[in-house]
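What follows is the residue order along each chain.
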Amino acid sequence: MQAFKKLTSTAVPLPIEDIDTDQIIPARFLKATTRDGFGDNLFRDWRYDKLEHPRPDFVLNNPTYSGEILVAGANFGCGSSREHAAWALADYGFRAVVSSYFADIFRGNALNNGLLPLIVSPEVLDETFRTIEASPAARFTIDLEAQTFTNEETGTVVKFEIDEYKKTCMINGYDDIDFLLSQREKIEAYEENRVDFSL
Amino acid sequence: MPTLFDKVWDAHVVTEVPGGNQVLYIDKHLIHEVTSPQAFNGLRERGIPILRRDRIVATADHNVPTKDQDKPIAEPLSRKQVNMLTSNCEEFGVELYGLGHPYQGIVHVIGPELGITRPGITMVCGDSHTSTHGAFGAIAFGIGTSQVEQVMATQCVLMSKPKSMRITVDGDLQPGVTAKDLILYVISQLGTGGGTGHFVEYAGTAIKGLSMEGRMTICNMSIEMGARGGLIAPDETTFEYIRGREFAPEGEEWEAAVEYWRTLPSDPDARFDTEYTFRGEDIPPMITYGTNPGMGMGIKETIPTKSEIHGDATLKKAMEYMGLELGNQMEGMPIDYVFIGSCTNSRVEDLRLAAALVKGKQIHENITGIVVPGSQQVAKQAIAEGLDRVFTDAGFEFRGAGCSACLGMNEDKIPAGRYCVSTSNRNFEGRQGPGARTILASPLTAAAAAVAGKLVDVRELI
Ligand code: SF4
């Protein structure tokens, strides 16, 4: 997993709420058996029309906007559990998604792939959209260590919350499996001592 | 004063991690072809085996054809993915109910019908509708592929304990109103993000009065309001459903299990972080008008012009996609396809309900109707009861088991621009195929629409 410490970048705005994982990566692209190459099909049906031509009105096809930060409406990543959504965003080149809240499974998947789901208040989200609209070249800084999100254009700095454990994992590029494997003895002790009607 | 959720969760905590996360032991892990290949690859790369093979069951459902299931899969990428599940299961020693196996079917249909799903257990699957299994009083939730790998390797996930919510629905449902309408109604009130961060317990007399199939429909759609999962307290209905199933406990073991299961319901003074209450009588037959399951309304209502839950831009985008207008009524609107299936509504009770309505009738000439049983066992039972004939005589196609047109991944898709009344759980843009327009409804409303060729109020037919 790629480590994440600090990032300064322009941002891509997508001010739509409830963006579901079927939009992020449609089901017909889930036939792959590796984790690679999903970025080409990120937001496929919003990005391309039926004849596979780029839709000029979609933000990823608009040269005015670019960057490693995606800013999206509330409840980003709802719907299916497909981790392919996080893989597609990361493969395309995003390293963080900013929204006022994320669907639970997506948030976990993003964290497990070094893609930072950054939660800001609805007001800060609005301000962020306004800033990008007014100046598409506006830059934002995410400092994970300090847990701050800075709008370099306006100078606004806000703190964001992240679970301590997950923060350490992101900063060091660790994933949960290493930690869980280290708990083997405790897991076996639990199995020995429990009431079990599941088998 | 613990809740049902607390009791099951707390009994599965292996250890606590500084910062609030817990290592949660997983009793049962279901896997399918789409979200498992990268997890198996991960194990291989790390050189680690599956820790508890007796706790994992695999099936092929999302990416399988529902026609000619005895022949090799025609589409090369789908065939490769399904074959890879077979070879991975062989290599790692996992029980597989693959295509052609009498137990094959949608992962959330086969778990309960085989007696694998039980009260008081923890269950995961790389699929968000794992919430279905909560109907038995289990903690069941969807996970991503990285977590699938973690569970394979350690039988555990790392999570912080979610918040609790109780949704109480008291009273009686109107005739023609089903569990599907109930949950679509609740989601329309709370929105697709209303349950985020929570596990939801459904309670109240309207819930208690439901069959296990109805309860599964409710818990299935918990994820559509953003909840991690849903649960319903186990009771006699639950025990009767499980008793005698293929892998259900027997004899003394059964007695001991039931005794334990009876201790699980929330204590009378249990406290929830969030509570909602609804009245069963208030719930009409529901349809959706937009592009997420929260955009639902009663069949007689008009599409709202303003919403507290959905912003203007989101509503406008939904209307453009659906080819509909804010403020319009949808009752009487012609439709093109009817899909009866998916892990929400493809159990034999759903098929019985729809069959009773179409029996002796013909579906409208403009309608393409397909009925897809959730599993081979459901198909077998339906055939034994003659339901397949009822459907085919009426002009429906009756297919083999799988996810089918629920997700626009396999061969079964709805063409662009066409309206499909679907008993599935998601009306997202492109969910049933690029450009397809989905209207979610109950099996009764779907069957009625097939016969009429348009959206109708099923209360007026029964
Ligand atoms: S039927 Fe649909 S919702 Fe259910 S598991 Fe299959 S694809 Fe997912």
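Provided above is the structure to which this section pertains.
Residues numbered from 1 in each chain as written. Chains lettered and ligands numbered in written order. Predicted model: local features only at pLDDT ≥ 70, side-chain atom pairs only at ≥ 80, totals over all residues. Heavy atoms only, no water.

> How do you make sense of the overall build of chain B when you look at a structure like this?
Helix and strand counts for chain B come out as 15 helices and 19 strands. Its C-alpha atoms give chain B principal-axis dimensions of roughly 55 × 55 × 45 Å. Burial statistics for chain B: of 462 residues in total, 67% are counted as buried. Counted over contacts in chain B with a minimum sequence separation of 6, partners at least 24 positions apart contribute 77%. Accessible surface for chain B amounts to roughly 15000 Å². Of this, 48% is attributable to carbon and sulfur atoms. Charged side chains in chain B number 42 positive and 57 negative. The centres of these two groups are separated by 3 Å. (Helix = DSSP H or I, 4+ residues; strand = E, 2+ residues; numbered from the N terminus. Buried < 20%, exposed > 50% of the residue type's maximum accessible area, 1.4 Å probe, protein only. Contact = heavy atoms within 4.5 Å. Areas by Shrake-Rupley, 256 points an atom, 1.4 Å probe, with all protein chains shown as cover. Lys, Arg positive; Asp, Glu negative; His and termini not counted. Charge placed at Lys NZ, Arg CZ, Asp CG, Glu CD.)

> Explanation requested: the pairing of strand E11 (residues 229-232) of chain B in the structure shown.
Consecutive residues of a regular strand have side chains that alternate between opposite faces of the sheet. Residues and elements named next belong to chain B. Of the two faces of E11, both are covered, the one formed by Gly229 and Leu231 as well as the one formed by Gly230 and Ile232. The pairing of strand E10 (residues 198-203) with E11 spans four bridges and is parallel. In the strand pairing of E11, Glu201 is matched with Leu231. (Pairing = 2+ DSSP bridges.)

> Mind showing me how you'd approach the sheet that holds strand E8 (residues 156-160) of chain B here?
Hydrogen bonds between backbone groups are what pair the strands of a sheet, and the pairing can be parallel or antiparallel. Here three strands make up an open sheet; going across it, the order is E1-E2-E8 (chain B) and the pairing antiparallel. Strands with a single pairing partner mark the edges of an open sheet, and in this sheet they are strand E1 (13-16) and E8 of chain B. Averaged over all neighbouring strand pairs, the angle between strand axes comes to 25°, with direction disregarded. When strand E2 (residues 21-25) of chain B meets E8 of chain B, the two strands line up antiparallel, connected through five bridges. Along E8 of chain B, the bridge assignment pairs Leu24 of chain B with Val157 of chain B. In this fold helix H8 (residues 184-192) of chain A packs onto E1, E2 and E8 of chain B, with an angle of close to 140° to the strand it touches most, E1 of chain B. (Axes fitted to C-alpha atoms, helices over the stretch in contact; angles between N-to-C directions.)

> Where do I start with the nonpolar core in this structure?
Counting 83 residues, the largest nonpolar core has Phe43, Phe76 and Leu89 of chain A as the members making the most contacts within it. There are two domains that each give this core at least three residues, and those are domain 1 (4-160) and domain 3 (288-460) of chain B. Beyond its immediate sequence surroundings of up to four residues, Phe43 of chain A is in contact with Leu14, Ile19, Gln23, Ile24, Phe58, Leu60, Leu70, Phe76 and Leu89 of chain A. Counting 78 residues, the second largest nonpolar core, distinct from the first, contains Ile56, Val157, Met159 and Leu440 of chain B. (Core = buried A, V, L, I, M, F, W, Y, C linked by side-chain atoms within 4.5 Å. Domains from an automatic or database assignment.)

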